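Observations on chain architecture
Here is how the chains run, residue by residue.
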Amino acid sequence: MTDMFGTDDEFLARLGTVAAVADPMPESLTSAAQALFGLRQLDAELAELVLDSADLPQTRELAVRGDEERMLSFETGRAGVEMQISERSDRRDIVCHVTGVPLDAAILETPKGQQPLRVDDDVLIARDLSAGPLRLRLTTTGGDKIVTSWVRI
Amino acid sequence: MHGPDSDAPGELVRRAAAGDQRAWDQLVARYNDLLWSVARGYRLSTADAADAIQTSWLRLLENLDRISDPDRVAAWLATTTRRECLKVLQRGSRERPHPAGHATLDGIDGSGPVDDRLLLAERDAELWEAFTGMSDRCQCLLRVLMTSPPPSYEAVAAALEMPIGSIGPTRARCLARLRTLLEKQGGLFDTEPLRQREGRS
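Model, not experiment: these values are computed from the prediction. Per-chain numbering applies: the sequence of each chain, read as written, is numbered from 1 onward. Lettering for chains starts from A, numbering for ligands starts from 1, and both go in the order in which the items are written. With pLDDT at 70 or above as the cut-off, local features in this predicted model cover only qualifying residues; side-chain atom pairs require 80 or more to be listed or tallied, and sums for whole chains, interfaces and linings still use all residues.

A few points about helix α7 (residues 153-160) of chain B
All names here are of chain B. With C-beta atoms placed from the backbone, the exposure class of a residue follows from how many other C-beta atoms lie within 10 Å of its own: 20 or more, buried; 12 or fewer, exposed; in between, partly exposed. To qualify as a helix, a DSSP run of H or I must reach at least 4 residues; to qualify as a strand, a run of E must reach at least 2; elements of each kind are numbered from the N terminus. Counting buried residues in α7 gives six out of eight residues, a clear majority hidden from the surface. Among the residues of α7, Ala155, Val156, Ala157, Ala158, Ala159 and Leu160 are the ones counted as buried. Once C-beta atoms have been placed from the backbone, residue pairs whose C-beta atoms lie within 7 Å are recorded as contacts. Residues of α7 that are buried in the fold lie against α2 (21-41), α4 (73-91), α6 (136-145) and α8 (164-185). Of the residues one or two after α7, glutamate 161 is the one with positive phi, at around 50 degrees.

Okay, structure coming up:
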């Protein structure tokens, strides 16, 4: 189809030009994503996300905005992490239970920085976090390192 | 020195997995606009779009040496971003959802720096207004198709979770609808050639 906009390809190209002005991608997004490479963790065992309650249909139906808890489960071959997230507007509290390995240290990591968490038996608590991506870096009493998948809380 | 295919997506993934920051930078430079288009196509706010995109890159980072088909990393990223966007939409945005009209005549959406709030030419503003009045499906598809560099249909299909075979026909229908909208809107986009109107009067 052609008219004053030309062919579909030309019309789409015109739209793309307009979109680049009307709704441009913030330049900081590219430099921020490139800087993430420094967060690569090669010496740790990955505890993968195996369950997110937000993905369960029944949870979605029951969820009341701003007043629900979300459960995440991470697993490696030998260790498990259960993360309970409470939401208040854009603030988050998390309580984590680590099973399968004795913990020595834990660090909460976001793209902006790290925060050590107090290890109380197998429980880790962090309050008043900003919404956004995070992961946990754990060290066992035997010196092994475990890192969870990145999740957006 | 890299071989002639050193810029191929799969090769960039392999080099990044081996610790090459420049390969990672190239991947980001090549596909970030696609991810932005996906997130904006799903109408995420700037903050939510930024989080969803960042999370997608973090997921790629931790899976660099485990992706089953590195050559299809664009589709992998598009799928990951779509899932992140849907999570945001399911749980509610931490900001107000992006309004249907992304742009106005005198600015963008108020979320960008002032320098970015360029005045759109009146015709372009009219075009953008018509575009943002379209169905979610059309906006999302066209938005992703506008991405630079143009994404493969496989990546588009992954971004929208639609069959590859329906992309072409849907694209044609959406563009035809947009043309019709602009014609109905009249104004600067009256598509009747000027000389015909002049000749009639």
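Here we look at the interface of chain A and chain B
A common measure of how large an interface is: the accessible area buried when the components associate. At the junction of the two partners, chain A supplies 39 residues and chain B supplies 47 residues. Those elements that provide at least two residues to the side of chain A that touches chain B are α1 (8-22) and α2 (28-35) of chain A. Grouping the constituent residues of the side of chain A that touches chain B by class yields 26 nonpolar, five polar and eight charged. Residues are grouped as follows: Ala, Val, Leu, Ile, Met, Phe, Trp, Tyr, Cys and Pro are nonpolar; Asp, Glu, Lys and Arg are charged; every other residue, Gly included, is polar.

A word on the environment of methionine 162 of chain B
Residues and elements named next belong to chain B. Among the structural elements, methionine 162 can be located in the loop between α7 and α8. Judged by local crowding, methionine 162 falls into the partly exposed class, with 16 C-beta atoms found within 10 Å. In the structure, methionine 162 is positioned 32 residues away from alanine 130 in sequence and 24 Å away in space, judged by C-alpha atoms. Apart from residues lying up to four places away in sequence, methionine 162 is in contact with Ala157 and Ile167.

Considering the packing of α6 of chain B against α7 of chain B
All names here are of chain B. Axis definition: a line fit to C-alpha positions, over the contact stretch in the case of helices; interaxial angles, taken between N-to-C directions, run 0 to 180 degrees. At a minimum axis distance of 10 Å, the contact between α6 and α7 shows a crossing angle of 145 degrees. Of the two elements, α6 crosses α7, and the hand of that crossing is right-handed. Note on element contacts: α7 touches α6 through Val156, Ala159 and Leu160, opposite Cys140, Leu141, Val144 and Leu145. Its residues placed into classes, the contact of α6 with α7 shows seven nonpolar, no polar and no charged. For any pair of crossing helices, the crossing counts as left-handed if the nearer helix is rotated counterclockwise from the farther one by less than a right angle, and right-handed if it is rotated clockwise.

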